[in-house]
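# Observations on the three-dimensional arrangement
Residue-level listing of the chains:
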Amino acid sequence: MVRRMTDPFDPDYFIIVADVHIIGIEPRVSRVLELPVKLNFAQFHDVLQSAFGWTDSHLHQFHVGGLTIGAPEFNEDSFYGRRTFEASEIRLQDLTFPYEADPTLTIVYEYDFGDCWRHLISLSRQPREEGATYPRCVAGTRSGPPEDVGGYSGYADFLEAWMDPAHDDHKDMRRWAGRKFDPEFFDLDATNKAIARVLRTSKGDYRLRRARSS
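Conventions we followed
- Residues numbered from 1 in each chain as written.
- Predicted model: local features only at pLDDT ≥ 70, side-chain atom pairs only at ≥ 80, totals over all residues.
- Heavy atoms only, no water.
- Helix = DSSP H or I, 4+ residues; strand = E, 2+ residues; numbered from the N terminus.
- Core = buried A, V, L, I, M, F, W, Y, C linked by side-chain atoms within 4.5 Å.
- Buried < 20%, exposed > 50% of the residue type's maximum accessible area, 1.4 Å probe, protein only.
- Expected span 1.5 Å × (residues − 1).
- Arc of directions from axis to C-beta.
- Polar contact = N/O pair within 3.5 Å; in protein donor to acceptor, adjacent residues only side chain to side chain.
- pLDDT = per-residue confidence, 0-100.
- Contact = heavy atoms within 4.5 Å.

The next point concerns unusual backbone geometry. Leaving glycine out, the prevailing phi sign among residues is negative, and the prevailing peptide bond configuration is trans. The step from Glu26 to Pro27 runs through a cis peptide bond, and the omega angle for that step is -10 degrees. Here the amide bond leading from Tyr134 into Pro135 is cis, since omega sits at 0 degrees, within 30 degrees of zero. Tracing the sequence through the fold places Pro135 in the loop between β7 (117-127) and β8 (136-141). A positive phi is found at Asp148, a non-glycine position, where the angle reads about 60 degrees. For Asp148, the location among the structural elements is in the loop between β8 and α2 (151-163).

See below:
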């Protein structure tokens with residue numbers, strides 16, 4: 001499912017549109033991202049972290065067809081025949097799209113193997129907009145869940161307590177999540193500023209990896 005593009009058109013003519021939502025949450029927590037084709041998967045991870053308000057505090061991986069893309073050194077299953085492809089070496093332009101009108105490609109991004117936040121990502125191509133700066137977020141709905149809330153079921157319990165002043169855990173949940181948290185709020189401008197800020201420091205590789213080697 002991953003290859004070097006042999007499209008007769010210049011790859012730089014296109015961008016990748018990623019329509020992303022967190023699986024298992026309704027109403028959806030979603031983002032629509034426009035990405036340069038030369039973005040690698042380590043950078044894509046950083047964009048997703050910023051777009052959903054995650055803090056990059058846990059492990060992650062991408063599932064692309066039958067392949068796993070991420071940081072091989074953190075893959076505990078590598079000794080049992082499961083291979084993780086190096087994210088910094090694979091770019092969006094390496095993906096193979098179906099040969100059909102308006103082709104789309106569906107992949108999964110998994111973050112925090114304990115809470116198991118799985119993001120369904122529908123990828124498509126469209127012409128680059130002249131004068132636009134990529135990557136960028138162009139749409140979104142609702143705030144991403146707080147870190148370590150306990151996955152989908154934990155988030156449902158959290159929201160029940162957070163929204164009900166009569167709930168026994170209401171004050172604790174409000175205090176834990178912070179005064180600024182609002183599950184229905186999405187700030188497009190703040191999201192794009194976060195994306196721009198994280199890519200200035202990513203340098204094409206995982207920030208955690210670079211910090212450990214310095």
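This paragraph deals with the nonpolar core. Within soluble globular proteins, side chains that are nonpolar tend to cluster in buried spots. By size, the foremost hydrophobic cluster in this structure holds 45 residues, and its most contacted members are Leu33, Phe41 and Phe44. Broken down by element, this core gets its largest block of residues, 7 residues, from helix α1 (residues 41-52).

This next bit is on helix α4 (residues 188-202). Taking 1.5 Å as the rise per residue, α4 with 15 residues should run 21 Å; its terminal C-alpha atoms sit 21 Å apart, in good agreement. Within α4, burial applies to Thr191, Ala194, Ile195, Val198 and Ser202. Seen end-on, α4 carries its buried residues on one side only, within an arc spanning 100 degrees. N-capping of α4 is provided by Asp187, with a side-chain oxygen placed 3.1 Å from the backbone N of Asp189. Of the residues flanking the end of α4, it is Lys203, one or two places downstream, whose phi is positive at about 55 degrees.

So, about the confidence of the model for the chain. Residue-level pLDDT values for the chain average 89, and 88% of them are 70 or greater. Under a pLDDT of 50 for its full length, residues 2-8 has, in the predicted model, 18 contacts with residues more than four places off or in other chains.

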